[in-house]
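One-letter residues, chain by chain:
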Amino acid sequence: MIDVHRQAGELVAELMAKPWGQVSPSVYETGRMVTLAPWLVGQEERVAYLLGEQRGDGSWGAPDGYGLVPTLSAVEALLSAAARGDGDPGVLVPAARAGLEAVRQVLESPPELPDTPAIELIVPHLVSLINDHGRADPLPLPSGMDGNRLGMVRHLLESGGEPPQKLLHVLEVAGTAASRAGTVRPTAIGTIGASPAATAAWLDALAPPDSADSARRHLEAVARRYGGPVPVGLPITVFERGWVLSWLVRAGVPVEVPPEMTADLRASIGPEGTPAGAGLPADADTTSVALYALSLLGMPVEPLPLAAFDTGEHFCTWRNEDGFSVSVNAHVLDAYGQYVRARPATAGVYAPVMTRVARWLAGRQQADGSWHDRWHASPYYATLSCVLALGEFGGPAYTGAIRAAREWVVSTQRDDGSWGRWAGMPEETAYAVQTLLLSGPEPDERCVAAAARGDAFLSRMGDFSDYPPLWHDKDLYTPTAIVRAAVLAAQHVAQRHAEDENKGRNRT
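Small disclaimer: the values here were computed from a predicted structure and weren't measured.

Regarding its fold elements, the chain presents 20 helices and 0 strands. A globule of 508 residues ought to have a C-alpha radius of gyration of about 23 Å, and the chain, at 23 Å, matches this closely. Viewed in the frame of its principal axes, the chain has a C-alpha envelope of about 75 × 50 × 40 Å. Put simply, the chain has 508 residues, and 57% of those count as buried. Pairs at least 24 apart in sequence give 72% of the contacts found in the chain among residues at least 6 apart. Carbon together with sulfur atoms contributes 51% to the accessible area of the chain, which is approximately 20,000 Å² in total. The distance from the centre of the 41 positive side-chain charges to the centre of the 59 negative ones in the chain is 3 Å.

At a minimum axis separation of 9 Å, helix H18 (residues 426–437) and helix H19 (residues 445–461) run at an interaxial angle of 150 degrees. In terms of their interaxial angle, H18 and H19 are classed as roughly antiparallel. Relative to H19, the crossing made by H18 is left-handed. On H19, the residues that touch Pro426, Thr429, Ala430, Val433, Leu436 and Leu437 of H18 are Cys447, Val448, Ala450, Ala451, Gly454, Asp455, Phe457, Leu458 and Met461. Partitioned by chemical class, the residues of the contact of H18 with H19 number 12 nonpolar, 2 polar and 1 charged.

Attention shifts here to the state of the cysteines. Under the definition given, this model contains 0 disulfides. Free of any disulfide, cysteine 316 has its nearest neighbouring cysteine sulfur in cysteine 386, separated by 17 Å. Residue classification places cysteine 316 among the buried positions, given a relative accessible area of 8%.

The grouping of Glu442, Asp444, Glu445, Glu499, Asp500 and Glu501 at the surface amounts to a negative patch. Take the negative patch: its biggest share by element is 3 residues, from helix H20 (residues 480–507). For glutamate 501, the location among the structural elements is in helix H20.

Bringing the side chain of threonine 116 into the picture now. With respect to the element layout, threonine 116 can be found in the loop between helix H5 (89–108) and helix H6 (119–133). Beyond its immediate sequence surroundings of up to four residues, threonine 116 is in contact with Tyr66, His472 and Asp473.

With that out of the way, let us pick up the pattern of salt bridges. Scanning all chains against the criterion turns up 19 salt bridges. Here arginine 6 makes a salt bridge to glutamate 10, at a shortest N to O gap of 2.8 Å. Here glutamate 10 and arginine 6 lie together in helix H1 (residues 4–17), a separation of 4 residues that amounts to about one turn. A salt bridge links aspartate 213 to arginine 216, with the nearest nitrogen and oxygen atoms 2.4 Å apart. Of this pair, aspartate 213 and arginine 216 both sit in helix H10 (residues 213–226), separated by 3 residues, roughly a single helical turn. Among the residues examined, aspartate 213 registers a relative accessible area of 29% and is labelled partly exposed.

Before going further, it helps to examine the packing of aromatic side chains. The final tally for this structure, using the stated rule, is 15 aromatic pairs. Taking the centre distance of 5.9 Å and the plane angle of 80 degrees together, the rings of phenylalanine 239 and tryptophan 471 count as edge-to-face. Here the residue phenylalanine 239 occupies a position in helix H11 (residues 237–250), and tryptophan 471 occupies one in the loop between H19 and H20, the gap between them amounting to 232 residues. The class of phenylalanine 239 is buried, set by a relative accessible area of 10%. Judged by its relative accessible area of 3%, tryptophan 471 is buried.

Counting through the fold element by element, asparagine 329 comes out in helix H14 (residues 326–342). Overall, the relative accessible area of 0% leaves asparagine 329 in the buried class.

Reading the values: rules and limits
- Residues numbered from 1 in each chain as written.
- Predicted model: local features only at pLDDT ≥ 70, side-chain atom pairs only at ≥ 80, totals over all residues.
- Heavy atoms only, no water.
- Helix = DSSP H or I, 4+ residues; strand = E, 2+ residues; numbered from the N terminus.
- Rg over C-alpha atoms; globule rule 2.2 N^0.38 Å.
- Buried < 20%, exposed > 50% of the residue type's maximum accessible area, 1.4 Å probe, protein only.
- Contact = heavy atoms within 4.5 Å.
- Areas by Shrake-Rupley, 256 points an atom, 1.4 Å probe, with all protein chains shown as cover.
- Lys, Arg positive; Asp, Glu negative; His and termini not counted.
- Charge placed at Lys NZ, Arg CZ, Asp CG, Glu CD.
- Axes fitted to C-alpha atoms, helices over the stretch in contact; angles between N-to-C directions.
- Parallel < 35°, antiparallel > 145°, perpendicular 65-115°, else oblique.
- Left-handed = near helix turned anticlockwise from the far one by under 90°.
- Nonpolar A, V, L, I, M, F, W, Y, C, P; charged D, E, K, R; others polar.
- Disulfide = S-S within 2.5 Å.
- Patch = residues over 30% accessible without salt bridge, like charges linked within 9 Å, V, L, I, M, F, W, Y side chains within 5 Å.
- Salt bridge = Lys/Arg side-chain N within 4 Å of Asp/Glu carboxyl O.
- Phe/Tyr/Trp six-rings, centres within 6.5 Å; stacked < 30°, edge-to-face > 60°.

See the structure below:
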């Protein structure tokens, strides 16, 4: 049997040892670095990474439209590398041409594109760059997409306007306007928008100025840490710590949390909330998860900052958000609910908000019992988020919604005991197991049996750490420590449930 306690302790210790966070490398971001920062250490390794990640059909990335952004980025990067002589053109150009053919096939009968951040800016920018290479007939833009918003962004920067902070994360789409953005400055650790590509674009593609030493050193640190390739976002300090602690403590995993970590988590929450990491804007998701974790750990902080994200109907991820997120609202309900549990006298203030959010979440449940979200490719993530929040803080009115979600989970289990959108994955299996056992009404025999098969699948996988990317950013990515915590939480819940059942049978 897996020693969850030991592994959880090691995981928390790693959070302190790697304070910027643990994030998988990104094809999109690495492709942008190949083009924007050929001077940066690890260029040869970045090119090799792109070649190694290409799929058999010439594309990069996941199915269902998720491959468009990484494929465009990789194609443009390989064409740029070939033009500069950063590799063998006899290898780079054929790989790029295969990618171009894959893109054309997608654009001929495009799927519904995923709701990933800034896709309406990134795709026109990359298509324009590829067409400028003149290697083939010009690529068209996907139906319904144009360059109007991208033009507005560039005009804002060229005119000396100060961009919204969330735009800094994709500053690379501004092209030459990014390196002339006089209103933009690196954070104390040298990042622009917690993005290597945005930082490189600000530095200037070929000649980083001496006055920007902190940004250059930051990029060097990231490239050295990953051996050349880079992640789509770093640092994610607050996001990672809040999530890891929430998964583990909520599931009842015994873990010792360093006092420095909780102190840092508490200090990160300001009047406007907290960002996922340096260079990003405050958001309701990270703020909620941090508040929830602190309440779980006996350090409740009043959730006043969340009011800034309240639209009156639901909570937005950040101000002026396009669309909405069910997982963000589920985490808001968690934050309010756990705070009221710790401070019952505040129920009169926060109970009406909790009631409204719970009703809104239930209204977004799909007919099959699942939920879907804009921040994760898998419905198992969104479904777990909503089941946990409604089961713990929604009240008995949502028992039917939770049972419907569990029925959907049981009905979608794979023959090997796993769950997954595209294939059986440890991450999605961990979400499914927790949905079946962790919150809400007592699970029935079918739920218990399905969860046991899921736990057996996780045990067969062993100490798995190479989790396929499912989380939404400019490209799909994996916050490795967070996903590992989710798997440990699921294994602990399953083991504890099995032990309780054995004790019950022994008593009878």
